[in-house]
Amino acid sequence: MEDIIRGLKSLGLSGYEAKAYLTLLDKGDLSAEDLSRNSDIPLPRVYAVIDELSVKGFVKIIEGRPKLFEAIEPEEALNNYTSYI
(Lines give C-alpha, C1' and ligand atoms only; values in the text may rest on other atoms or scores of the structure.)
Protein backbone atom coordinates (compact mmCIF):
# COMPACT_ATOMS: atom_id res chain seq x y z
CA MET A 1 0.00 0.00 0.00
CA GLU A 2 2.90 2.36 0.71
CA ASP A 3 4.07 2.00 -2.91
CA ILE A 4 0.64 3.01 -4.18
CA ILE A 5 0.56 5.99 -1.81
CA ARG A 6 4.01 7.05 -3.06
CA GLY A 7 2.78 6.73 -6.65
CA LEU A 8 -0.28 8.87 -5.98
CA LYS A 9 1.88 11.43 -4.19
CA SER A 10 4.22 11.55 -7.20
CA LEU A 11 1.20 12.49 -9.29
CA GLY A 12 0.53 15.45 -7.00
CA LEU A 13 -1.84 14.13 -4.35
CA SER A 14 -1.11 14.81 -0.70
CA GLY A 15 -0.54 11.93 1.69
CA TYR A 16 -4.00 12.40 3.20
CA GLU A 17 -5.59 12.54 -0.26
CA ALA A 18 -3.88 9.30 -1.27
CA LYS A 19 -4.92 7.57 1.98
CA ALA A 20 -8.51 8.78 1.67
CA TYR A 21 -8.81 7.66 -1.95
CA LEU A 22 -7.36 4.21 -1.29
CA THR A 23 -9.56 3.76 1.77
CA LEU A 24 -12.68 4.60 -0.25
CA LEU A 25 -11.62 2.20 -3.00
CA ASP A 26 -11.15 -0.54 -0.41
CA LYS A 27 -14.16 0.09 1.86
CA GLY A 28 -16.73 1.62 -0.49
CA ASP A 29 -18.90 4.63 0.32
CA LEU A 30 -18.08 6.12 3.70
CA SER A 31 -19.15 9.04 5.86
CA ALA A 32 -16.55 11.53 7.10
CA GLU A 33 -16.44 9.84 10.49
CA ASP A 34 -16.00 6.38 8.99
CA LEU A 35 -13.37 7.63 6.56
CA SER A 36 -11.46 9.24 9.41
CA ARG A 37 -11.61 6.07 11.49
CA ASN A 38 -10.54 3.79 8.62
CA SER A 39 -7.77 5.99 7.21
CA ASP A 40 -6.28 7.63 10.31
CA ILE A 41 -7.00 11.06 8.84
CA PRO A 42 -8.06 13.48 11.60
CA LEU A 43 -11.80 14.15 11.31
CA PRO A 44 -11.35 17.95 11.06
CA ARG A 45 -9.18 17.41 7.95
CA VAL A 46 -11.48 14.94 6.17
CA TYR A 47 -13.76 17.54 4.56
CA ALA A 48 -10.88 19.57 3.10
CA VAL A 49 -9.23 16.39 1.80
CA ILE A 50 -12.48 15.22 0.20
CA ASP A 51 -13.11 18.64 -1.34
CA GLU A 52 -9.67 18.52 -2.99
CA LEU A 53 -10.19 14.95 -4.20
CA SER A 54 -13.56 15.95 -5.63
CA VAL A 55 -12.05 18.90 -7.53
CA LYS A 56 -9.27 16.63 -8.83
CA GLY A 57 -11.81 14.04 -10.00
CA PHE A 58 -11.03 11.19 -7.62
CA VAL A 59 -14.20 11.12 -5.52
CA LYS A 60 -17.88 11.85 -5.75
CA ILE A 61 -19.78 13.43 -2.85
CA ILE A 62 -23.19 11.89 -2.24
CA GLU A 63 -25.46 14.47 -0.61
CA GLY A 64 -27.59 13.42 2.33
CA ARG A 65 -27.37 13.01 6.06
CA PRO A 66 -24.67 12.07 6.54
CA LYS A 67 -22.83 12.94 3.36
CA LEU A 68 -21.13 9.92 1.85
CA PHE A 69 -18.00 9.84 -0.23
CA GLU A 70 -17.47 7.45 -3.13
CA ALA A 71 -14.21 6.69 -4.93
CA ILE A 72 -14.25 7.01 -8.70
CA GLU A 73 -12.70 4.02 -10.47
CA PRO A 74 -8.93 4.50 -10.94
CA GLU A 75 -8.88 4.71 -14.74
CA GLU A 76 -11.62 7.34 -14.81
CA ALA A 77 -10.07 9.19 -11.86
CA LEU A 78 -6.70 9.42 -13.64
CA ASN A 79 -8.42 10.71 -16.77
CA ASN A 80 -10.26 13.31 -14.67
CA TYR A 81 -7.05 14.31 -12.94
CA THR A 82 -5.04 14.70 -16.14
CA SER A 83 -7.78 17.03 -17.41
CA TYR A 84 -7.57 18.95 -14.12
CA ILE A 85 -3.82 19.52 -14.22
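Please read all numbers here as calculations on a predicted model, not as lab measurements.

Chemist: Looking at this model, I keep getting lost on the environment of Arg 37. Mind explaining?
Modeler: One can find Arg 37 in helix α3 (residues 32-39). Here Asp 34 takes part through its side chain, which lies 2.4 Å from a polar atom of the side chain of Arg 37.

Chemist: Explain a nonpolar patch on the surface here, please?
Modeler: A cluster of nonpolar side chains, namely Val 55, Tyr 84 and Ile 85, defines an oily patch on the protein surface of about 320 Å² accessible area. Within the secondary structure, Ile 85 is located in the segment after α5 (74-84). Of the residues examined, Ile 85 reaches a relative accessible area of 66% and is grouped as exposed.

Chemist: I would appreciate a short explanation of the packing of helix α4 (residues 43-56) against α5 in the present structure.
Modeler: If you want to describe how two helices pack, look at the angle between their axes and the distance between the axes. Where α4 contacts α5, the two axes come as close as 8 Å, and the packing angle between them is 85 degrees. By the angle between their directions, the pair α4 and α5 is classed as roughly perpendicular. In contact with Glu 52, Val 55 and Lys 56 of α4, α5 contributes Ala 77, Asn 80, Tyr 81 and Tyr 84. Classifying every residue of the contact of α4 with α5 gives four nonpolar, one polar and two charged.

Chemist: Any chance you could explain the side chain of Lys 56 here in plain terms?
Modeler: Counting through the fold element by element, Lys 56 comes out in helix α4. Looking at Lys 56, the relative accessible area reads 8%, which means it is buried. For Lys 56, the side chain forms a polar contact with the side chain of Glu 17, separated by 2.9 Å. Apart from the residues lying within four places of it in its own chain, the contact partners of Lys 56 are Gly 12, Leu 13, Glu 17, Ala 77, Asn 80, Tyr 81 and Tyr 84.

Rules used throughout
- Residues numbered from 1 in each chain as written.
- Predicted model: local features only at pLDDT ≥ 70, side-chain atom pairs only at ≥ 80, totals over all residues.
- Heavy atoms only, no water.
- Helix = DSSP H or I, 4+ residues; strand = E, 2+ residues; numbered from the N terminus.
- Polar contact = N/O pair within 3.5 Å; in protein donor to acceptor, adjacent residues only side chain to side chain.
- Patch = residues over 30% accessible without salt bridge, like charges linked within 9 Å, V, L, I, M, F, W, Y side chains within 5 Å.
- Areas by Shrake-Rupley, 256 points an atom, 1.4 Å probe, with all protein chains shown as cover.
- Salt bridge = Lys/Arg side-chain N within 4 Å of Asp/Glu carboxyl O.
- Buried < 20%, exposed > 50% of the residue type's maximum accessible area, 1.4 Å probe, protein only.
- Axes fitted to C-alpha atoms, helices over the stretch in contact; angles between N-to-C directions.
- Parallel < 35°, antiparallel > 145°, perpendicular 65-115°, else oblique.
- Contact = heavy atoms within 4.5 Å.
- Nonpolar A, V, L, I, M, F, W, Y, C, P; charged D, E, K, R; others polar.

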